[in-house]
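Structural overview
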Amino acid sequence: MKKAYFILVCSLCFSSFVYGQTITEVINQMDLDSLQLTLREFSGEQTTIVNGNEVTISSRVQSNNELAADYLFQKLDKLDHLNVVNQFINGEAGRRNIIATQLGKTNPDNIYIICAHYDSVAAYCADDNASGTATVLEIARILSTQCLDNTIVYALWDEEEIGLVGAGYYANQAAANNDNILGVLNIDMMGYDGNNDNNFDIDVRDVANSLEMKDDLISILNTPEYGFSLQVNVVNPGTSASDHSRFWNQGYSAVLVGESWETDDETPYYHSSGDTYNTLNFPYYHALSKLIMGYMVTKAGLVNVTNSVSQSGNVLTALQNGASYQWINIDTGTAILGETNQSFTPVMNGSYAVEITLGSCIETSNSFDFNSLSLETFKNTEIAFYPNPVKTNLVIENIGSFEELEIELYDINGKLILQESAIKIKTTLNLSALSNGVYFLKIKTNNKLQLSKIIKD
Ligand SMILES: [Zn+2]
């Protein structure tokens, strides 16, 4: 029997994206420890938690892989910004692809798929294909923290080993639905390099833009900054014996990336329970995972929200155009009521920031120190106000006999509370109705301005 479990949903939490990272930085987040842990758990070498219970995933053979499917669903479902579903093949229980979608911010209809089959033919099957599965999960873990231009689908197929059934089902539906899939990167067996020569294969055919996908992968491989030392073998026409071929059948661009059958250096434990964790070459597997990540992050497109603020006169402006804005008083840690335009004119000196929302991406600018209002203040002999702290009446004396004083009182959040134009020598503001706390008194003439802190108690 399956235990019911609950997922706590935090409706008030901000979803947090990471900004300003380069492709290199994202590639380098591919973490070997994390990959290895997933590999050990998913190939049944160590226990893990599924449905709240400590379990061993001892089988991924199609007839007995519900636990494996639950594991994948729960791993993906705890990541931010992903919509995770069970896609039941022909609507039948016990046969399911796990599909996680991260919607693109700029072009949500442009879809790239990173995929691997999770079923197996024997126990363990670490290389075939816990290796590809763990890499998909690791890419999801890292990319889900990024705001992306295009949509990424993280797909884990069932029933590959009995005829590419899960991927075939998805590809049929996608074609019927006219899904704009721009590239399918299938990873199947990518952890074995027996002779340490770093060879890997790209299996490709001249279908849609599959050859271009191959070129893009090689271009990433050859980018010096990324530091790859892998050796590529392009296999064309590539094998049709894995899930990517189901996408070729529907006219979609797809390639297979994995260890090198072309140089006869695939795992000797193929389709047996000898295919275990300890037979894998981890530096090789890590490097190939990073290459896959490089391709996916390049195609996904990192959205960079401009997060700087400029000042002109007394006006602060967020440099990012076409977004939603909320200005924040850093000193008080509060959003400033009503200040939701791209530009903002502070009424008091202090530190400000702006929260910029661009589609589903939220970014907060760095704190901006604003102190222009102190540039032209009154002399002591020109203006006086008292008492401070004040209980009831605040008196403002126009000692310098200015023609007109503009007097404004703001609360600590920068909200205007009182406003008065004074031509008299003495002006009295009755503050008895205000709650106790800190206020700011702004006194202004044509060419002078002073901002003073008032305590009401
Ligand atoms: Zn396989």
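Rules behind the numbers
- Residues numbered from 1 in each chain as written.
- Predicted model: local features only at pLDDT ≥ 70, side-chain atom pairs only at ≥ 80, totals over all residues.
- Domains from an automatic or database assignment.
- Core = buried A, V, L, I, M, F, W, Y, C linked by C-beta atoms within 7 Å.
- Buried ≥ 20, exposed ≤ 12 C-beta atoms within 10 Å, placed from the backbone.
- Helix = DSSP H or I, 4+ residues; strand = E, 2+ residues; numbered from the N terminus.
- Pairing = 2+ DSSP bridges.
- Axes fitted to C-alpha atoms, helices over the stretch in contact; angles between N-to-C directions.

**Examining the domain arrangement of the protein chain**
For the protein chain, the domain assignment lists domain 1 (23-300), domain 2 (309-372) and domain 3 (376-456). A straight line from the C-alpha centre of domain 1 to that of domain 3 covers 66 Å.

**A few points about the nonpolar core**
Of all hydrophobic cores here, the largest spans 98 residues; its most connected members are I113, I114, L185, I292 and M296. Broken down by element, the residue count for this core peaks at 11 residues, all from helix α8 (residues 282-300). When residues are assigned to domains, this core turns out to be shared by domain 1 (23-300) and domain 2 (309-372), each giving three or more. M348, V390, Y410 and L441 belong to the second-largest nonpolar core, a separate cluster that totals 14 residues.

**Considering unusual backbone geometry**
Across the junction of N236 and P237, the peptide omega takes the value 5 degrees, indicating a cis bond. Tracing the chain through its elements places P237 in the loop between β9 (231-235) and α7 (244-248). That bond from Y386 to P387 is cis: its omega, -5 degrees, falls within 30 degrees of zero. One can find P387 in the loop between β19 (383-386) and β20 (393-398). One non-glycine residue, N90, lies in the positive phi region at around 55 degrees. Inspection of the secondary structure puts N90 in the loop between β3 (83-88) and β4 (96-102).

**Some remarks on the sheet that holds strand β21 (residues 405-411)**
Within the open sheet, the 4 strands sit side by side as β22-β21-β24-β25. Their pairing is antiparallel. At either margin of the open sheet sits one strand with a lone partner, and together these are β22 (416-422) and β25 (449-456). Between one strand axis and the next, the sheet turns by 20 degrees as a mean value, whatever way the strands run. In this structure, β21 lies alongside strand β24 (residues 437-444), joined through 6 bridges in antiparallel fashion. Note that in β24 the partner of I407 across the bridge is I443.

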